[in-house]
Each structure stands twice: as C-alpha cells, then as structure tokens.
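Analysis of the macromolecular model
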Amino acid sequence: MHHQREAQQNAAEVRRISHKKKQKMNINAITKKTIGKIAIGLGRAMSTNITRQAPPAIANALVSLRVDGRPVKVAEGATLLDAINTSGSHVPTLCYHPEFQPKAVCRMCLVNVKEANATANASKLLPACRTKVEEGQEVTTNSEDIKAFRRRDLQFLLNRHPNDCMRCEAAGNCKLQSLVQEECVEDMWPTKTSRGSDEHPHLLLDHTSPSIWRDMSKCIECGLCVDACSAQKINAIGFAERGSGMLPITAFDKPLSETGCISCGQCILRCPVGALIERPDWHRVLDVLDDRKRTTIVQTAPATRVAIGEEFGLEPGSVSTGRMINALRELGFDYVTDTNFSADLTIMEEAHELLQRLQGKREGALPLFTSCCPGWINYVEINRPDLIPHLSTTKSPQQMHGAIARNGPMAKQIAAQTSESEEPYIVSIMPCTAKKDESVRPGNRGDIDAVLTTRELAKLIRHRDIPFASLSNDGEYDSPMGESSGAGAIFGASGGVLEAALRTAADTLGLDGSIEHEQLRGVDRGIKVASIKGVGSVAAVSSIGSAIELLNTDHWKKFLMIEVMACPGGCLGGGGEPKSDDKDILKRRMAGIYSIDKNAPIRKSHENKEVQQLYKDFLSFPLSEISERLLHTSYAPRGSPREKLSRFLSAVDARDDEGAANLCSDKCVWNTNTEKFGAACGKVDIACLIREKLPLVERKCGEEFPRHRLISSVHGTDVIGPDGSKHHFEIVLDNKGLIKGLTRTPL
C-alpha cells in the first residue's frame, strides 16, 4: 500500500485549515413574524471580520532550457512536463494528474534529456512528469527511439486489456484508446494475459454499488484511483500483489457495496480508462425518451451548466445554461426544470429546522450538519453514526425537487392537462455519482427515476447528434420549478450553502452589508470558518478528507452549523463532472458559478417567487406536516437493525419482493400481527406475501406515494405506516446481518 502512504503524505502537504476567520451567519425566514423569532434566537449583532492567512511567497526565479530545439523559461521547481507544455510540445501521460505526487509508472512521458555542458551523446531517458527542470537542459520529446518505446509500451498494455472498445462506457473518453489510435498500435500477441495473480485470483467485475461499477480487466495499474481514494481519506481501494500481478482491489476483495466507499466518484474522475465508471443509466433514459409514452421531467444541478460545455470544446467555466436547456428539449424532454429552485427551497426548510433546534423544539443536536451531499451522509452512516443526531433532516435539493415534481403543483398540472394517469418519468442531471446512491435510499426511492452525471448527459447529446456548441444559449426553464436565485446557483460550490443562508439571515435580521461573502469561497481542500458575534461560529468544509481531519478533534463542537461537501471544491468537483488534467479546472468552474450569481435578477433564496407560491398553494409553511413527509428524511447506522428495517419497508412500499427477500435469512419469520396476512416464514413466503397478497400500489400522476416513515429521524424502530397508523417493529439480525425475525406491533 506504498502508493496510499505516498498519497496521504502529499495530501497532508496541500491541505490547509484556516482558523480565526469571522463572518456573519444566521437563518432565513418567510414572514416578518419569523424574523423576530430569529432575532431572539441568534441576536442582531453579527461580525464579518474574517481574515485569511497570506499565501506563501512564490519565487520569481526562472529556469531556461530548450524543448525540441525551442527556448523556454519556467519557474524554478517546475517539472519537465511543465516545460514541455509551456513550449507547445506534447508528451502523453497515463498515470499523471496534477493533484497527486507523480509516480511515473506508465513511462509514457519518457523524454531524452541532455544536461548543460554534457558531451554530445550524453543524454538519458527521464520521466517528464516527475523530473525537475535544470538550467541549460536540452529536451527531446519525439525522437524515433522514444516513439518506438511508446508503441511497445502500448502493446504490452494492450496485451492485458480487453478489446471491448465498441461496448465500453469510456469509449471516446479513454486515454489508452486515444493513444492506441494515435500511434496505430496493433496487438502483438494472440492471447490476452490474465489479470492479477494465479495464486490469488481477484474479483474483477463488480456491479454491486448503486453508483460505481468496476471492471478491473481494463485496469492499467496507473494508481490514480488509489491516490484519489487516499486523498479523500476513505481508502476503500488499494494495491495488492507485486509485479505483473499488481492490481487495485478492495480490502479482502469485498464487493464495493460492502466497503467504506461513500460513492463520491473521485476514483472514476481520475481513471484514464474504463476500469471505473459511474453506473450507466443513460441507456434506459434514452429508451424512455424514444418511446414517447410517458411525460418526462428533467432537473439540472447548478454545477452541470458550467461544466457540460467542456465535453464539446467550450472553455471551462463557460455558462451554458441556455444551450443545455435547448439540448434537453431536442432530446425530447417535455419539461426542463432547475435544481436551483429546490436549492432555494432547501434554505427555507433547513433554516427553520436550525431555529427549532436552537429553541429546543425539535429532535436533534447542534452543531447542525448540512445534508445536501450524499457522499457525506454515507460517510456518517458508515463511519460516524454518533453524528446522526447532528444531521439536518432536510432532503437534498435533488430529492426535494423529485418529491415536489412528482407530488406537487407541476404533477397536478400535468394530470389536469393530459389524459395520462401514469406518473411522469423524472430524471436529474447531476455532477455527482453519489446522487445515484441517494435516489434509492429509503424515504427517497421512487421520487427520481434516473440520475445521470454531466458526462452521461454529454453521451445522450452525442448519440442524438445534437451540435451542442452551436446551439443558442437562450433556452429558459419551464415554470413552475424553473425560477431560482443566485443563492441557489452557488450551492454548486463549496461554501455556497452557508453563503446562501447568510444572505437571507442578513435580510431577516435587518443588517446592512454586502451580499457577497468571498471569505467562504474557494476550491482548495480545507476548512473555512466564520464567526457570529455573541452566538458562535460556522464552517464550510471542502472534501471528505478535510471533514475527517476536523472530526478527529473536538474543534467541530464549537460551531453552530457546518457545511460538508465530500468532493474538493464542492459539486463543481464532483465525480460525475467532465474529466480534466487542468490544475485550475475547479477555479474556472467556480468563476462560472459565481458569474451566474452576480448576474441573477434575484440573489436571495427567500425572494424566489415560485418558492413563495409553493408554500402558499401547497406546503403552507416550512416544517408543515406535508413538508415533513415530502421534504425531510431520516438516517440510520449502516448494518444496524434500524437501517435494515428502513430498507425492508422501502422495498415493501415499492412492492419489490425480491429486494425485500434478499434482506432476509432463509428462515426469517415476518409476523405482521394481522388476521389478513398473519406470519410469513422464509424468504420465499415473504416474497410471495409482498408480490401476491399486499394490494398493488398504483402510482398516479399528482398523487402522493404512500410509504412507511421512521417516527424518529435519529433512533428507534417506531414507524408511521402509509395509512398514518403507528407501529413498533422488533427486528433481529443474524451473524451475517440478515433479518431473521421481524415482528410488527401496533402502538
């Protein structure tokens, strides 16, 4: 696991935790009456005196050298790869990414280097990615011997790689494929070499995760996935074996779904081939669009609009909102809506939740942790269940949007305008692989039909030959669920949730000052802190690794509210965004996000007219009974009886007999304590009860989906049934974590 240790040391050098930063922070409200409550709860005086540590001085010394005969100057400490890129020459790489310490294992970037004052033939081959420049060097990148070596290197890689490009999800976005095409390389050997070692065969194909698929037969051992997972401090994968048998695997070769993986997708983002991909859902979405039998609704997350253009040659950070909307309409979506709308809605619900916790009127503890990031939620449930009482029960903007689109005014409007009774097919376009995981969680399942990453949307557009870059950038979202504020847009960047809350807080408390809080902005891994005079502090955490560092001390306990985004830079650095080796890619996307905010006609969540109308016509007020049902959720430690119960009941609600039975042992007994259904014994009987005896649930457009809900968001196995009745479930697990006994008792 030497690569993991090296990555951890490198990550520790680049992470910076800034302390003693101050900024105002509070909650929003809808009415003047709530403003008074917040003023009492938090106080009217807020300090915004936040300071940053000065960045280290950068040396101005330049080093002169020649690359392919051309003079070039680069900063002292730069690598030969930096110099080559500056000169306009090119060398390929397979194992390099600017975020990590170069390992030079692929050897594709070898170049001839002649040192200053060396004899005529005294050059040597050196890896450009990790060799520092020196004064007077002469570098040759493309000599015949180097090109011959690269072709032979590619042939060895091909000997261990399946010829599956036509069906591979990475086709067209695979560095190995690109190099093989460029060099016109053909297979040398008729038989492929097997992966791993004969003594210790490993699991190569793994589709158990709802977010990430692994096919290690396509791995080229670059180590970037291991580096990415190590930088996140998750370490779900690492190298095993030596020499030709070396392979990145999970601990004890467990399926990914049984490891500490949080589905953040940073491993996919760094994989140069198709060994790691997001679960492909775009095929079935395309089928639905082509069938034209169901009304389709799509929502787009804030970070997608500043990244999708990269897939079609536009500058990183280009705001392509209108183009994306027009492309989605050409694909055949009936309604195109904005996740930023539900980001504004999130501020309303989460703010009132915080207020009630401050007043001791709501279950839960302080500090309040945000719940927008599913990778963060996964981490807490897997590794830190002691933090569950601190999690906001507010669903993420994606899930809020799905719940409202399926059950709210838009669904009722669709039902009234068409003769269809079937529910609309709802798709979300997200920068995040963990959103796929989130959409099938208990309490969420059924609200979103498919989650596509930004990369998957690009595939849809290409497969329908839509000239994205040539589309006009004037498309507009449908209403309702199309209006949003600038505050909703900045949810896509680390610190954006807190900044959005601060804007509304300032208005509700009658405070003057700028609505832009640049102190909370930034894409680097680390922690940004703001202090509220007389009340406490808030923090925005960029990357799950930084969150783990914070939680390893008691420092987090002093905060009032903490925003955690699992991916560096927030959603704009999500595992589903376009792949890039540009070291400034996150900064450029961030600039695009904040330009949307700056140019928005409204920049505060509580000023969103459509959100105000939604409360007036449908939700009534934040934390209302219907808001609690549709917009809030609960959590459970992974592997606990509570978690197994919630998954079992979620499968029952969906009439997923196979899914429910798979959670049970062969001899499981499910006692319903009813005369009609009695007790089911064994997996087969349980599946039969769900499939044949329970009444079929017909989901109709605009009608709320009946489901079980845990009464407490924090603990216990008391449940509210679909009909509103309350029950206690006694649940017993066997030593494999399967349900072996389940008894339902009315409360």
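Our subject is the structure that appears above.
Residues numbered from 1 in each chain as written. Predicted model: local features only at pLDDT ≥ 70, side-chain atom pairs only at ≥ 80, totals over all residues. Heavy atoms only, no water.

Let's talk about the nonpolar core
- In this structure, Phe-369, Trp-376 and Ile-544 are the most contacted members of the largest nonpolar core, which totals 79 residues.
- No other element matches helix 6 (residues 224–231), which puts six residues into this core.
- Apart from the residues within four sequence positions on either side, Phe-369 is in contact with Trp-376, Leu-387, His-390, Leu-391, Ser-392, Leu-551, Trp-556, Ile-562 and Val-564.
- Leu-286, Ile-325, Tyr-425 and Tyr-477 belong to the second-largest nonpolar core, a separate cluster that totals 29 residues. (Core = buried A, V, L, I, M, F, W, Y, C linked by side-chain atoms within 4.5 Å. Buried < 20%, exposed > 50% of the residue type's maximum accessible area, 1.4 Å probe, protein only. Helix = DSSP H or I, 4+ residues; strand = E, 2+ residues; numbered from the N terminus. Contact = heavy atoms within 4.5 Å.)

Some thoughts on the sheet that holds strand 15 (residues 425–430)
- Read across the sheet, four strands follow the order 13-12-15-16 without closing on themselves; strand pairing throughout is parallel. Across the chains shown, the open sheet's two edge strands, defined by having one partner strand only, are strand 13 (335–338) and strand 16 (450–453). Strand-to-strand twist of the sheet, defined as the mean angle between neighbouring strand axes without regard to direction, takes the value 25°.
- Looking at chain direction, strand 12 (residues 296–300) and strand 15 are connected through five bridges and run parallel. (Pairing = 2+ DSSP bridges. Axes fitted to C-alpha atoms, helices over the stretch in contact; angles between N-to-C directions.)

Some remarks on the sheet that holds strand 7 (residues 205–206)
- On the basis of which strands lie adjacent, the open sheet formed by three strands has the order 7-8-11 and antiparallel pairing. Two strands bound the open sheet, and with one partner strand each, they are strand 7 and strand 11 (276–278).
- Relative to strand 11, strand 8 (residues 212–215) runs antiparallel, the two being bridged by three bridges. Looking at strand 11, one finds that Trp-213 is bridged to Ile-277.

Re helix 13 (residues 409–417)
- Where helix 13 is concerned, the buried positions are Met-410, Ala-411 and Ile-414. Taken around the axis of helix 13, the buried residues stretch over an arc of 100°, which confines them to a single face.
- Of the surrounding secondary structure, the elements contacted by the buried residues of helix 13 are strand 12, strand 13 and helix 12 (397–407). (Arc of directions from axis to C-beta.)

Focus: the side chain of Asn-340
- Looking at the secondary structure, you find Asn-340 in helix 10 (residues 339–358).
- Judged by relative accessible area, which is 1%, Asn-340 ranks as buried.
- Setting aside residues no more than four positions away along its own chain, Asn-340 makes contact with Thr-300, Ala-301, Pro-302, Arg-305, Ser-484, Gly-488 and Ala-489.

A closer look at the side chain of Lys-604
- Within the secondary structure layout, Lys-604 lies in the loop between helix 19 (585–598) and helix 20 (609–619).
- Within the structure, the side chain of Lys-604 is placed 3.0 Å from the side chain of Asp-507, a separation counted as a polar contact.
- The contact partners of Lys-604, leaving out residues within four places of it in the chain, are Ser-485, Ala-487, Arg-503, Asp-507 and Ile-515. (Polar contact = N/O pair within 3.5 Å; in protein donor to acceptor, adjacent residues only side chain to side chain.)

Focus: helix 12
- Burial runs high along helix 12: 11 of the 11 residues are buried.
- Among all positions of helix 12, only Pro-397, Gln-398, Gln-399, Met-400, His-401, Gly-402, Ala-403, Ile-404, Ala-405, Arg-406 and Asn-407 are buried.

Re empty space enclosed by the protein
- A complete count under the given rule lists seven cavities of 30 Å³ or more for this structure.
- Forming the boundary of the largest cavity are 16 residues, of which Ala-301, Pro-302, Pro-397, Lys-435 and Cys-571 lie nearest the centre.
- When residues of the lining of the largest cavity are traced back to their parent elements, those giving at least two are helix 10 and helix 12.
- Residue classes in the lining of the largest cavity are distributed as 12 nonpolar, three polar and one charged.
- Along the wall of the second largest cavity there are 16 residues; nearest its centre are Ile-212, Cys-229, Ala-236, Cys-261 and Cys-267.
- Of all the secondary structure elements, the ones that give two or more residues to the lining of the second largest cavity are strand 8 and helix 7 (266–270).
- Of the residues in the lining of the second largest cavity, the class split is 11 nonpolar, four polar and one charged. (1 Å grid on protein atoms, 1.4 Å probe; cavity = no way out; pocket = protein on both sides within 12 Å on 5 of 7 lines; lining within 4 Å. Points joined across faces, edges and corners; volume = space filled by probe spheres on them. Nonpolar A, V, L, I, M, F, W, Y, C, P; charged D, E, K, R; others polar.)

What to know about unusual backbone geometry
- Cis geometry is found at the peptide bond from Leu-366 to Pro-367, where omega equals 5°.
- For Pro-367, the location among the structural elements is in the loop between helix 10 and strand 14 (368–369).
- Omega for the peptide link from Ser-479 to Pro-480 comes to 5°, which places this bond in the cis form.
- Inspection of the secondary structure assignment puts Pro-480 in the loop between helix 15 (454–463) and helix 16 (486–489).
- A positive phi angle, near 55°, is found at Arg-655, a position not held by glycine.
- Relative to the helices and strands, Arg-655 resides in the loop between helix 22 (641–653) and helix 23 (657–662).

Details of the layout of surface pockets
- Approximately 1100 Å³ is the volume attributed to the second largest pocket.
- As for the second largest pocket, its lining consists of 31 residues, and the residues nearest its centre are Thr-208, Ser-257, Glu-643, Arg-647 and Leu-663.

What about the environment of Ile-548?
- Among the structural elements, Ile-548 can be located in helix 18 (residues 544–551).
- Ile-548 gets classed as buried once you look at its relative accessible area, which sits at 9%.
- When neighbours within four sequence positions are excluded, Ile-548 is seen to be in contact with Gln-232, Lys-233, Ile-234 and Tyr-379.

Here we look at the pairing of strand 19 (residues 559–565)
- In terms of residue burial, strand 19 counts as a mostly covered element, since seven of its seven residues are buried.
- The sheet contact formed by strand 14 and strand 19 spans two bridges and is parallel. Bridge pairing in strand 19 places Phe-369 opposite Ile-562.

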